[in-house]
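Structure at a glance
The residues making up each chain are set out below.
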Amino acid sequence: MARTTTSNTLYDVTTNLLSEFSSRIAKRDTDALDFGMDAFLFAKSLEDKDLILRSCRALSQFYSEVKSEFPNAIGVLEEGVNYLDEDCDTENRAELYRLIGLNYDYLGELIKSKSAYDASIKELQRLGDHTSTGKLTMARSQFNLSIIYGKLGMPQQSDECLHSAYLQYKTLGDKSGIARCYISFGVSIEEKKDEDREIARNTALEYYQKAAALSLEINDDLSYCVSMGNIAVKYAEMERFDDALVAAFDALEKAKRSANKRFQLNLHRQIGRCYHLKKDFENSKKWFEACEVIFKDLGLAVDYYDLYRYWSEMLFEAGDHKEAYLKLQKSLKQQEEMHEFHKNAAVDHATLKLQLEEGRKEKALLKKKNAEIAEYTQKLEASNFELKQFAHVASHDMKEPLRTVTNYSQLLIKSFGQENLSDEQRVYMKYLGEGTNRMMDVINSMLRLSEINTVSAQTDLDLNNVFIDALNYLSDDIGKTSALISAEHLPTIHTDRVLMNQLFQNILSNSIKYNSSIPPIIEVAYRELEESHYFEIADNGIGIQHEYREKVFFIFQRLHARHEYEGNGMGLTVCKKIIDSLKGRIWIEDSHLGGTKVCFTIPKYSYATIAT
């Protein structure tokens, strides 16, 4: 539709505002927002989709790169998506989703970031043929997704996305993208535990140097700073400390050109790490503290546990054992919080793969067959992912700090001698021991969880005996609390003894633990339904609020601080997996005793039931 004279004038005003806004963004002008907001409002009044889209991108760039206000950047990008046509604006929508994912990544919201990148890729896959702009968006989304997979402990998926992005960047001749891939290749090599350490370090260093040279050639400050920061740490590990600090401060000087604080975050940590390796503990502490300030200012959702791990190691070497312990505890706590992201990533990744597979099926017969395969594959993927996650966490996130705790204990004993330890030092030893035991408990709990996959070693099992075994197992807790536990007559079913023992022990243990009544009262009830056995275990404990009754069945979900109630949040997760493997259902209701009632069913048709 032709514009009127008035609309032409308003159009020119809007484009001029956008031009001025972009110029001020380039200068990192923190007072430039009015130009962008006026342009956006004028674009909306003109109902000009192109201007609206340009305004949204400019505003998101201002919020992200100038103000480090990532939620605001996400908000304007999502509003931009709403103005795009479902059929005609696929490439624009894919780019907006990619930018949304990037800002969620800046916030540390890894699952939301991954979902946005997935949405970007799905849009482009749906389109099929792409312009060069669409191909570049696909490459960038694949690359960004590889970073997220790496953070979530999924190296195979990360490598697949990275190599796909690299090939696309090479085809497009995009040097900035190629430089970023070089950096990721270097990081990937360093993280492979089976590689020779010296060879891996030298190979990674070569990749970082190639990335730095290419970034300098095209004036890509971001890639240059990231690569130089990594080079600095490699030099420090090689005891080339002067070279390390020159590289690090060169990168920091360029990073200061950006008002995006996330841009500078890793460099502060890397400089602190370089001083640590140089044994300059005072400067190392100063830079770690500066890094922590930036991290807190950003309000990131995912904690920066590497900072506190390196900080703890530095403090211990400096002789400040108490502060080293506190920083180590903070690192361990933050690693535990990452497990929830890992779990959600597994579910999300499996769901996406099933959706893409389903989308390729055209005929009814193929759909039916593939639905059966998809169901089986989903179970295998869920189980395999948990096993992979266990291996990843046990070998990296948990074993490494566990070794650190153990080493601290041994070094303290060696330094002072057991008989020469003061009361304060014995307290430190106690804390270190408790930390080690808690980590071992988490590892063992995860191992038990990973082993519950299918029902095996089935036998005709009298659940009355299982109940008695559970009471014997919990006899110490029952004695300490004077708990009163009773059960109706229970049936005999054909099932797995080990799983049922775990099930009853975990639920009864929770009923005792989360109970402040004197005495704790627990009642086990049973009734036979038409197609299943129904059980309920009711107590007079502290109860679980309605909004948390599903959450408690997920891995590492704790509703109380550890100083209030011990445990690692695995008990009900194990119970749910046991019931799922028996094809039953488990849920939580209010108890007639005033606390919690855990209800679960076990189908008859899957397991031959014997009348009692």
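In case you missed it, the structure is sitting above this.
First, a word on scope: everything that follows refers to the structure included in this document. Note that the coordinates shown come from a computational prediction; the quantities given were computed from them, not determined experimentally. (Residues numbered from 1 in each chain as written. Predicted model: local features only at pLDDT ≥ 70, side-chain atom pairs only at ≥ 80, totals over all residues. Heavy atoms only, no water.)

This part is about the overall build of the protein chain. Each helix and strand in the protein chain was counted, giving 22 helices and eight strands. Put simply, the protein chain has 612 residues, and 50% of those count as buried. Within the protein chain, counting contacts between residues at least 6 apart in sequence, those at least 24 apart form 65% of the total. Total accessible area on the protein chain stands at roughly 30200 Å², and carbon and sulfur atoms take up 50% of it. (Helix = DSSP H or I, 4+ residues; strand = E, 2+ residues; numbered from the N terminus. Buried < 20%, exposed > 50% of the residue type's maximum accessible area, 1.4 Å probe, protein only. Contact = heavy atoms within 4.5 Å. Areas by Shrake-Rupley, 256 points an atom, 1.4 Å probe, with all protein chains shown as cover.)

Structurally, Asn515 can be placed in the loop between α21 (497–513) and β4 (521–528). With a relative accessible area of 11%, Asn515 lands in the buried category. With near-sequence residues (within four places) excluded, Asn515 lies in contact with Pro520, Ile521, Asp539, Asn540, Gly541 and Ile542.

For the rest of this paragraph, the subject is the pattern of salt bridges. Under the counting rule described, the total for this entry stands at 21 salt bridges. Note that Glu95 and Arg98 form a salt bridge whose closest N and O atoms lie 3.0 Å from each other. A residue pair is termed a helical-turn pair when its members lie 3 or 4 positions apart in one helix, as Glu95 and Arg98 do in helix α5 (residues 90–107) at three residues. The same class applies to Glu95 as to Arg98, namely buried. (Salt bridge = Lys/Arg side-chain N within 4 Å of Asp/Glu carboxyl O.)

Time to look at unusual backbone geometry. Omega for the peptide link from Ile518 to Pro519 comes to -5°, which places this bond in the cis form. Of note, Pro519 is situated in the loop between α21 and β4. We note that Glu239 has phi near 65°; this positive angle belongs to a residue other than glycine. With respect to the helices and strands, Glu239 occurs in the loop between α11 (221–237) and α12 (241–255). By relative accessible area, Glu239 is classed as exposed at 63%.

Another point: the environment of His489. Relative to the assigned elements, His489 resides in the loop between β2 (484–487) and β3 (492–496). Taking relative accessible area as the criterion, His489 reaches 57% and is therefore assigned exposed. For the pair His489 and Leu463, spaced 26 residues apart in the sequence, the C-alpha separation amounts to 8.7 Å.

What follows covers the nonpolar core. Buried together is how nonpolar side chains tend to be arranged in soluble globular proteins. Core analysis: the largest hydrophobic core is formed by 39 residues, its most contacted members being Tyr169, Cys181, Tyr182, Met228, Ile231 and Cys274. Contributing elements (two or more residues each) for this core: α7 (132–151), α8 (155–172), α9 (175–191), α10 (197–217), α11, α12 and α13 (261–277). With eight residues, α11 is the largest single contributor of residues to this core. What Cys274 contacts, discounting residues up to four positions off in sequence, is Ala232, Val233, Ala236, Phe241, Ala244 and Leu245. Counting residues in hydrophobic clusters, the runner-up holds 37 residues, among them Leu461, Ala470, Ile507 and Val552. (Core = buried A, V, L, I, M, F, W, Y, C linked by side-chain atoms within 4.5 Å.)

Position of Thr404 relative to the elements: it lies in helix α17 (residues 364–416). Exposure remark for Thr404: the relative accessible area of 12% places this residue in the buried category.

Sheets are built from strands paired through backbone hydrogen bonds, the pairs being either parallel or antiparallel. The sheet built from five strands is open, its strands ordered β2-β4-β5-β7-β6 with mixed pairing. The open sheet has two edge strands with one neighbour each: β2 and β6 (585–590). The sheet shows a mean angle of 15° between the axes of neighbouring strands, taken without regard to direction. When strand β5 (residues 532–539) meets strand β7 (residues 596–603), the two strands line up antiparallel, connected through seven bridges. Note on β7: the bridge partner recorded for Ala538 is Lys597. Each of β2, β4 and β5 touches helix α19 (residues 463–473); the most contacted strand, β2, lies at about 170° to it. In the packing of helix α22 (residues 571–581) onto the sheet, contacts are made with β6 and β7, and the angle to β6 comes to roughly 130°. (Pairing = 2+ DSSP bridges. Axes fitted to C-alpha atoms, helices over the stretch in contact; angles between N-to-C directions.)

Moving on, we come to α8. Given a rise of 1.5 Å per residue, 18 residues ought to cover 26 Å, and the 26 Å separating the end C-alpha atoms of α8 matches this to within 8%. Along α8, the residues classified as buried are Gln157, Ser158, Cys161, Leu162, Ala165, Tyr166 and Tyr169. Each buried residue of α8 lies within a common arc of 165° when the element is viewed along its axis, so the set occupies one face. Residues of α8 that are exposed and point more than 90 degrees away from the buried face comprise Glu160, Leu167 and Thr171. Of the residues trailing α8, Gly173 is marked for its positive phi of about 70°. (Expected span 1.5 Å × (residues − 1). Arc of directions from axis to C-beta.)

With eight of its eight residues buried, β7 lies for the most part within the structure. Where β6 lies against β7, six bridges are found, and the strand directions are antiparallel. Its bridge partner lying in β7, Trp587 is registered against Cys599.

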